[in-house]
Amino acid sequence: MQLPAILDIEASGFGRGSYPIEIGFCSGEGALFCGLIVPEPEWQHWDASAEALHGISRELLLRHGKSVRWMAEQLNTRLAGQTVYCDGWGQDYSWLSRLYDAAGLALRFKLDDLRGLLNEAEALRWRGVVDVVRQRQRLTRHRASSDARVLQMALGEIKNGVAA
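If you're wondering where the values come from, they're calculated on a predicted model, not measured in any experiment. Residue numbering note: each chain is counted from 1, following its sequence as written. Confidence filtering applies because this is a predicted model: local features only for residues at pLDDT of at least 70, side-chain atom pairs given and counted only at 80 or more, and all residues used for totals across whole chains, interfaces and linings. As a rule here, side-chain values cover all heavy atoms of the structure and leave hydrogens and water aside.

(A) Just the pairing of strand 4 (residues 83-86), in detail. At least two bridges found by DSSP between two strands is the condition for calling them paired. Where helices and strands are cited, they refer to DSSP runs of H or I of at least four residues and of E of at least two residues respectively, numbered from the N terminus. Examined bridge by bridge, strand 4 and strand 5 (residues 110-113) share four bridges and lie parallel to one another. Residue pairing across strands places Cys-86 opposite Asp-113, the latter belonging to strand 5. Handedness is read with the strands pointing away from the viewer; a crossover is right-handed when the path from the first strand over the helix to the second is clockwise. Tracing the backbone out of strand 4, into helix 4 (residues 89-103) and back to the parallel element strand 5 gives a crossover that is right-handed.

Right under this line is the structure:
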């Protein structure tokens, strides 16, 4: 089974006012892409608990991040015409919309919920398989491209009947 591209977003926090700070994906062929985003001047929301989870500081974004336009153009170029999956569609779609609105560009790929790829039995196993894959990869921080890789690997294991 050819696995689909999986996208993950790290953000300034959750809820109203939050915005994307890192976007990464794992392509269907397994290639990784990831980039930090410099917050727009009006993007002021910051949640210290989110920073503790992903380990990305606002200072790091200001030093090493790319513009919202650069990130939107990269995603459009690399994912054009594809259906790309994520595990938090409601929040991820909102963050992508915020990015593309700020960049003044239209999304050139479709974002869909990864759970739509799972049948009922697979959905029941999902979280456990993701946790096992994360432990096996020895990942302790949540970063966008490594999280996307974990989700893609977990999907592959579930679809191939690998026990977790």
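This is not the end of the story, as more comes after the structure.
(B) Fine view of the nonpolar core. Here, nonpolar core means buried Ala, Val, Leu, Ile, Met, Phe, Trp, Tyr and Cys residues that are tied together by side-chain atoms lying within 4.5 Å of each other. Relative accessibility decides the category of a residue: with a 1.4 Å probe and only protein chains considered, values under 20% of the type maximum give buried, values over 50% give exposed, and everything between is partly exposed. Leu-7, Ile-23, Leu-75, Leu-79, Leu-96 and Leu-99 are the most contacted members of the largest nonpolar core, which totals 29 residues. Residues in contact with Ile-23, not counting those within four places in the same chain, are Leu-7, Asp-8, Ile-9, Phe-33, Cys-34, Gly-35, Ile-37, Met-71, Leu-75, Leu-96, Leu-99 and Ala-144. Counting 16 residues, the second-largest nonpolar core is a separate cluster that includes Leu-3, Cys-26, Trp-126 and Ala-148. What makes two residues a contact is simply this: any of their non-hydrogen atoms within 4.5 Å.

(C) Representation of the packing of aromatic side chains. Only centres within 6.5 Å qualify two rings of Phe, Tyr or Trp (six-membered ring in Trp) as a pair; their planes then separate them into stacked at under 30 degrees, edge-to-face at over 60, and tilted for everything else. One pass over the structure, following the stated rule, counts six aromatic pairs. Ring centres of Tyr-100 and Phe-109 lie 6.5 Å apart, and the angle between their planes is 70 degrees; on these two criteria the pair is classed as edge-to-face. Residue classification places Tyr-100 among the buried residues on the basis of a relative accessible area of 4%. Taken together through their ring pairs, the aromatic side chains of Phe-25, Phe-33 and Trp-70 make up a single cluster. A positively charged side chain is recorded as over a ring if its NZ (Lys) or CZ (Arg) lies within 6 Å of the ring centre. The angle to the ring normal must also be within 35 degrees. Positioned over the ring face of Trp-70 is Lys-66, at 5.4 Å from the centre of the ring.

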